[in-house]
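Below, each chain spelled out in residue letters.
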Amino acid sequence: MAIRGISRDLLAMLFELGKEHHPNEFVAVLRERNGIIRDLDLVPGTIVGEESASFFIDMLPLDIHQAGSAHSHPNGVLSPSSADLRFFPTVGRYHVIVGSPYTERDWRCYRADGSAMSLEVVE
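Residues numbered from 1 in each chain as written. Predicted model: local features only at pLDDT ≥ 70, side-chain atom pairs only at ≥ 80, totals over all residues. Heavy atoms only, no water.

**Q** Before we go on, may I ask you to explain unusual backbone geometry in this structure?
**A** Excluding glycine, residues mostly carry a negative phi; peptide bonds, for their part, are mostly trans. Look at the link from H22 to P23: it is a cis peptide, with omega at 15°. Secondary-structure assignment places P23 in the loop between α1 (8-21) and β2 (27-33). With an omega of 10°, the peptide bond between S100 and P101 qualifies as cis. As for its position among the elements, P101 is in the loop between β7 (94-99) and β8 (107-111). With a phi angle near 55°, N34 is a residue other than glycine that sits in the positive phi range. When you line up the elements, N34 lands in the loop between β2 and β3 (36-41). A residue is classified by how much of its surface remains accessible, and N34, at 68% relative accessible area, is exposed. For Y102, which is not a glycine, the phi torsion comes out positive at approximately 65°. (Helix = DSSP H or I, 4+ residues; strand = E, 2+ residues; numbered from the N terminus. Buried < 20%, exposed > 50% of the residue type's maximum accessible area, 1.4 Å probe, protein only.)

Shown next as structure tokens:
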């Protein structure tokens, strides 16, 4: 699947989730439609805290449109942690981190190997 971008509406939703869960993290699974990351799934049984959020991989819905993950870093650090780098390859190829204060500048996208990548914001 070739991803061309992320929808502005979904990115806004990720910022809102970050604000709502603050000071805890949130984690979600990203889904694509027609090459654009547009949707998310909140996984049942997700465990959240101030320094991590996790779920059991076997609780993921079966979906060929799974693109990756999104989660928050309430401390505002937008680079992946060592735990993130272990998690990324288990859920897809595109991983978005949003951070406090959750504005349009407070996000980054990474590949499953943890390398930073550019992701266009589309309508």
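**Q** I'm lost on the nonpolar core in this one. Help?
**A** One recurring pattern in soluble globular proteins is that nonpolar side chains are buried together. Membership of the largest hydrophobic core comes to 22 residues, with the highest contact counts inside it found for I6, L14, I37, V96, V98 and W107. Elements that contribute at least two residues to this core include exactly α1, β2, β3, β6 (66-73), β7 and β8. Looking at which element gives the most residues to this core, the answer is α1, with 5 residues. Among all residues touching W107, those that are not within four sequence positions of it are I6, L11, F15, L78, V96, I97, V98, L119 and V121. Counting residues in each nonpolar core, the second largest holds 7 residues, with V27, F87, F88 and I97 among its members. (Core = buried A, V, L, I, M, F, W, Y, C linked by side-chain atoms within 4.5 Å. Contact = heavy atoms within 4.5 Å.)

Purely geometric stuff here, so don't read any function into it on its own.
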